[in-house]
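# Understanding the architecture of this molecule
Each chain is listed here by its residues.
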Amino acid sequence: MTATAQTLSPPSRTLMFLEGRAIHEFGAFLGALPLLSLAPRGDRHPVLVLPGLVASDGSTRALRTFLSGKGYAVSGWRQGRNYGLREGVQHAMVDLVQELSDRHGRKISLVGWSLGGLYARQLAKMMPDRVRQVITLGSPFAGDPHSTNAWRVYEWASGRKSNEVDPQFGGDLAVPPPVPTTAIFSRTDGVCAWQGCMEKTGAQTESIEIESSHCGMGHHPAAVFAVADRLAQKEGSWRPFDRSGWRSVVYPDPHR
């Protein structure tokens, strides 16, 4: 556990059982594509999308395909399934951020789902000169490892203790990166305690609440629109997410 991590209870068994709605959320994503087409277009800057625990680039294909259609140079993480910080994983991610940034001659945005969001935050702390912004989807950076229903899976997959922190990989998870950072979370997340997935509001940090499962967050229409909205901001002109008008219905105040 990090020094600033919250001690939280993991989501209930009921919420865990309801994770099956991720399938229906994918159907909702397909049905919402005409409306999602109204999301702002990007400026062709590179975007790296990082998958969650035991997931691969296949899990983020829908999001990456959508963002590619919006004008971004999108890449998956290219390391097969995400089994945690095994030997070589950290260095491969660092190399990929450098490669994408150098190839496009621009800073890169990092979008991470669950465990992938933890990676995104730490990479941004290590290379703020190469990272434009960070967006996390249901990533438990502010809670202790046992505030999720996945900590045993992580220990099995990675061969590491869930509370083991690598001080050379960005330091304290709960400390926000020194770049604009958006945390998307859901109070009905069945895997991670939602309180641990929220970012403290600051000059360049925010949280966006949606109503989603954990396993469907990467393709949930509300999450996809929010990601596209955040990525479309001009570099150096970051502003908090606008919840006025119709957005106030879909995106409630996370601090209510």
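Report follows, based on the coordinates. (Residues numbered from 1 in each chain as written. Predicted model: local features only at pLDDT ≥ 70, side-chain atom pairs only at ≥ 80, totals over all residues. Heavy atoms only, no water.)

### Describing the overall build of the chain
- Along the backbone of the chain there are 8 helices and 6 strands.
- The helix and strand sequence of the chain, counted from the amino end, reads α-α-β-α-β-α-β-α-β-α-β-β-α-α.
- Computed over the C-alpha atoms, the radius of gyration of the chain is 17 Å, within 12% of the 18 Å expected from 2.2 N^0.38 for a compact globule of 256 residues.
- Expressed as a percentage of the 256 residues in the chain, the buried residues total 55%.
- The long-range share in the chain, meaning contacts at least 24 apart out of those at least 6 apart in sequence, stands at 77%.
- For the chain, the exposed surface amounts to about 11,500 Å²; the carbon and sulfur share of it is 56%. (Helix = DSSP H or I, 4+ residues; strand = E, 2+ residues; numbered from the N terminus. Rg over C-alpha atoms; globule rule 2.2 N^0.38 Å. Buried < 20%, exposed > 50% of the residue type's maximum accessible area, 1.4 Å probe, protein only. Contact = heavy atoms within 4.5 Å. Areas by Shrake-Rupley, 256 points an atom, 1.4 Å probe, with all protein chains shown as cover.)

### Notes on the pattern of salt bridges
- On inspection of all chains with the given rule, the structure shows 12 salt bridges.
- Between Arg132 and Glu235 there is a salt bridge whose closest N-O contact spans 3.9 Å. Note that Arg132 is positioned in strand S4 (residues 131-137) and Glu235 in the loop between helix H7 (221-231) and helix H8 (247-250), a separation of 103 residues in sequence. (Salt bridge = Lys/Arg side-chain N within 4 Å of Asp/Glu carboxyl O.)

### Some words on the nonpolar core
- Core analysis: the biggest nonpolar cluster contains 35 residues, and Leu48, Leu50, Met93, Leu110, Tyr119 and Leu123 have the highest contact counts within it.
- Those elements that place two or more of their residues in this core are strand S1 (46-50), helix H4 (89-104), strand S3 (108-113), helix H5 (115-126), S4, helix H6 (151-158) and strand S5 (181-186).
- Not counting the four nearest positions on each side in its chain, Tyr119 is found in contact with Leu50, Trp77, Asn82, Gly84, Leu85, Met93 and Phe169.
- Ala32, Leu63, Trp113 and Leu137 belong to the second-largest nonpolar core, a separate cluster that totals 28 residues. (Core = buried A, V, L, I, M, F, W, Y, C linked by side-chain atoms within 4.5 Å.)

### Examining H4
- Counted at 1.5 Å a residue, the expected span for H4 with its 16 residues is 22 Å, and the 23 Å between its end C-alpha atoms agrees.
- Val89, Gln90, Met93, Val94, Leu96, Val97, Leu100 and Ser101 are the residues of H4 that are buried. Down the axis of H4, the buried side of the element spans an arc of 160°, and every buried residue falls inside it. Looking at H4, the residues exposed on the side facing more than 90 degrees away from the buried face are His91, Asp102 and Arg103.
- Positioned one or two residues after H4, Gly105 has a phi angle of 65°, which is positive. (Expected span 1.5 Å × (residues − 1). Arc of directions from axis to C-beta.)

### A word on a nonpolar patch on the surface
- The grouping of Phe26, Leu30 and Leu33 at the surface amounts to a nonpolar patch, some 240 Å² of accessible area in total.
- Inspection of the secondary structure puts Leu30 in helix H2 (residues 22-36). (Patch = residues over 30% accessible without salt bridge, like charges linked within 9 Å, V, L, I, M, F, W, Y side chains within 5 Å.)

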